[in-house]
Amino acid sequence: MRLVFALLLVGGYCSAQEWSLERLFSRPYAWGTTPQRLVWSKNSNTLGFLWNADGNRFLDLYVYHADSRRLARLTQLEGMKDDLWLTKEQRDDRIQRHEPPPAGLSEFVLSRDGSLAAFSYKGDLFVVSTQGKEPPVRLTRTRQEETAPQFSPDARRLASLRNGQVVIQRLDNGQLWQVTDFTEPDGAITGYRWSPDGARIAVSVRRSRVRQMPLPNYSGRFVRAPNFSRTVAGDEPAETDFFVVAAEGGKPLPLQLGSWGSKAYHGLPEWSPDSSKLLLRTVHPRMKRLEILVVDAKTGKARTVVEESDDKWVFRPSSGWSPDSKQVWFTSERDGWAHVYRVPAEGGEPVQLTRGAFETYTDGLTFAPQWAGDWLYFPSTEDGPSERHLYRVRPDGTGKEKLSRTAGLHKGLPSEDGRHIAWLRADLKNPFDLYVNDHRVTQSPRPAFQEYPWPETRFVSFPSRGDGKAVAAKLLLPPGYDPQARGGKAWPAVFFIHGAGYATSVLKQWGSYHELRFVYNAYLANRGYVIMDLDYRGSSGYGRDWRTDVYLHMGGPDLDDVLGAADYLRGLGNIDMRRLGIWGVSYGGFMTNMAMFLSPDTFRAGSSWASVNDWENYNAGYTGERLTTPQLNPEAYRRSSPIAFSSLLKHPLLIVHGMVDDNVLFQDAVQLTEKLIQEGKPFDHIYYPQENHGFVRDETWIDACRRTTEWFDRHLK
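Residues numbered from 1 in each chain as written. Predicted model: local features only at pLDDT ≥ 70, side-chain atom pairs only at ≥ 80, totals over all residues. Heavy atoms only, no water.

Caption draft 1: Spatial organisation of the overall build of the protein chain. Helices and strands together make up the secondary structure of the protein chain, namely 11 helices and 43 strands. Scaling as 2.2 N^0.38, a compact globule of 717 residues should have a C-alpha radius of gyration of about 27 Å, and the protein chain matches this with 26 Å. In terms of principal-axis extent, the alpha carbons of the protein chain reach across some 80 × 60 × 55 Å. Residues classed as buried in the protein chain amount to 58% of the 717 residues present. With 88 positive and 86 negative side-chain charges, the protein chain shows a separation of 1 Å between the mean positions of the two kinds. (Helix = DSSP H or I, 4+ residues; strand = E, 2+ residues; numbered from the N terminus. Rg over C-alpha atoms; globule rule 2.2 N^0.38 Å. Buried < 20%, exposed > 50% of the residue type's maximum accessible area, 1.4 Å probe, protein only. Lys, Arg positive; Asp, Glu negative; His and termini not counted. Charge placed at Lys NZ, Arg CZ, Asp CG, Glu CD.)

Structure representation (structure tokens):
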């Protein structure tokens, strides 16, 4: 019997190995492509979304007519060519060899009646009927880029941004006019919104220049270093003003901006349904105070209806209007958890509509709350932070109702009248797919998806090594591994650290926080590694205190959480603690390096991808929240930066980075590499000349995963 059992284990292991990295990470992916950018038309039940039905990268535009249950594909753009779209760099045949797979559409808009869709592709404007019977009509063919199209409420005009200004084109006769004229040194428009009555447009205007930095590219015949906009730690926010201007053009009306004026962080104003007011969120430059303003659209005068503060950094809420324009809803952490409140538009005491030890906010896994008809719809973690469900409540706080039923993640988006709900649903065995009400609209996974032996998931928790707070985690189990078994084989383990800091990975969802990274973790599990994936300090879904515990010390309490996970594995009695590895991307790469340096005897090998190694190099918004500025808190930056502790490295570290990364700059990898060389430390590196922060080429994923796998196999097996 023992021999038969051993053969079964070996058979399962070999079955998994039949899927090479080339098969897993070559498009079309077995798990397909998730529908994205769901948008309901305002006055009809037409749902627009972006998708690739074949599991490839290129996104085309689809609509689903909910009343007739009809799906229509509106675009087939991948084969569309125009020499006018080629940049000077793209005409370099050497760079053309390294062009990434095209991404397709990234945005679109629907007319209020749902009859038309508009989008910008390659800097030109297109309009298409949502019936799907005719190809899109190209409205522009220019060297200048037209972006961010928006229909007027009557769908007779289409606005867009051209050269930093708002222009409008009539769709019946093609007449085109420029609405705004904010010339230097006034700045350029960074966003705009039509008023619901179509008479005016609200615009945001950047008054001060953002720091310009070079981004070298070595792939062509000559090295290019074009500039791009990028802040660094300690930079002040760009000075921004807001105006209302008539749709026909004219003198702009400036809007009051609250206590801190234009030198603050602002959201784009949102019109009230009756077009009389605008809602504006503004955050103090030091990020510890926030105001939500209601601005009179005729006078420009503002009044503060919500004030928030936090001695660490303020939570940035969602907010919006009631259908009658008399109430404002917003989310707040004022009781320690993100909950929904409402307040009269003229000001007053906010009324809390949800309460409890759970979150009701948008974190990338959900849509923002929405007031539709007589209900406020909101996402919630009430069933636990590993799930997302859609609820609704009446504006007086009564009648709370859960609308999603099964375990997993449910991203629900109600139509404007509340008659239909679009769902992105996923669970532990199924990737996200689109449903409207109970009707399945898309089938994203390919037939081969069910053939792969996806590892079993086990949810666990344990105390942090530092303060003993409970840390949520999940294990991906390799074939033949039983967490309850004692004695016998001692298994190697690899820790995966999710990116972004404020995100979450411990989810009852196939693909979890990031599909490609989840698939690689599954591949490692099937090679015999126990995978530990945890929601360390700062992760979303666990309340205000968990969110802010990394204040002034990233790589402090969150690293203690990682080390608590190591203590948990030691307690299982079947993990070889001499064979622990760790890897992650972005913030996960940063945490990998902190763990390898500050707990050098815990992990025997690490692979850090796109890691921040010195927070003084990173952008001002993220660092300003968590570390304030280098001028105010130089010690916080030092103790939070891996490069300060690289001399403590004992075991092999693999550094992986894209050379044209405009998020975590390549200089972070270069500076750490140089320091490790000087210190004579055991490391290796691989740099990808044409990759940005998130790798998009199949060959890059295959190569990076192969190198990381070989790294772990060499040092852990």
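Now, onward.
Caption draft 2: Expanded view of the sheet that holds strand 11 (residues 165–170). Strands sit in the order 9-10-11-12 across an open sheet of 4 strands; the sheet is antiparallel. Unpaired on one side and paired on the other, strand 9 (146–151) and strand 12 (176–178) mark the two borders of the sheet. Mean inter-strand twist for the sheet, computed between neighbouring axes without regard to direction, equals 25 degrees. Note: strand 11 against strand 12, 3 bridges, orientation antiparallel. The residue of strand 12 that forms the bridge with I168 is W177. (Pairing = 2+ DSSP bridges. Axes fitted to C-alpha atoms, helices over the stretch in contact; angles between N-to-C directions.)

Caption draft 3: Up close: the environment of S322. For S322, the position within the fold is in the loop between strand 24 (319–321) and strand 25 (327–332). With relative accessibility at 1%, the residue S322 sits in the buried group. Placed 23 residues apart in sequence, S322 and A345 show a C-alpha to C-alpha distance of 9.4 Å. Beyond its immediate stretch of four places on either side in the chain, S322 contacts P273, Q327 and W371. Here D324 takes part through its side chain, which lies 2.6 Å from a polar atom of the side chain of S322. (Contact = heavy atoms within 4.5 Å. Polar contact = N/O pair within 3.5 Å; in protein donor to acceptor, adjacent residues only side chain to side chain.)

Caption draft 4: Structural detail: the nonpolar core. Grouped together as the largest cluster of nonpolar side chains are 64 residues, with contacts concentrated most on F495, L534, L569, I575 and W615. By size, the runner-up hydrophobic cluster in this structure holds 41 residues, among which are Y29, A30, W31 and C705. (Core = buried A, V, L, I, M, F, W, Y, C linked by side-chain atoms within 4.5 Å.)

Caption draft 5: Main features of the side chain of D698. Considering the arrangement of structural elements, one finds D698 in helix 11 (residues 698–716). Given the relative accessible area of 16%, D698 is considered buried. In this structure the side chain of D698 is engaged in a polar contact, spanning 3.1 Å, whose partner is the side chain of Y29. In this view, D698 contacts F25, S26, R27 and Y29; residues no more than four positions away in its chain are not counted.

Caption draft 6: Representation of the environment of Y520 within the structure. Looking at the element boundaries, Y520 is found in helix 4 (residues 515–526). A residue is classified by how much of its surface remains accessible, and Y520, at 0% relative accessible area, is buried.

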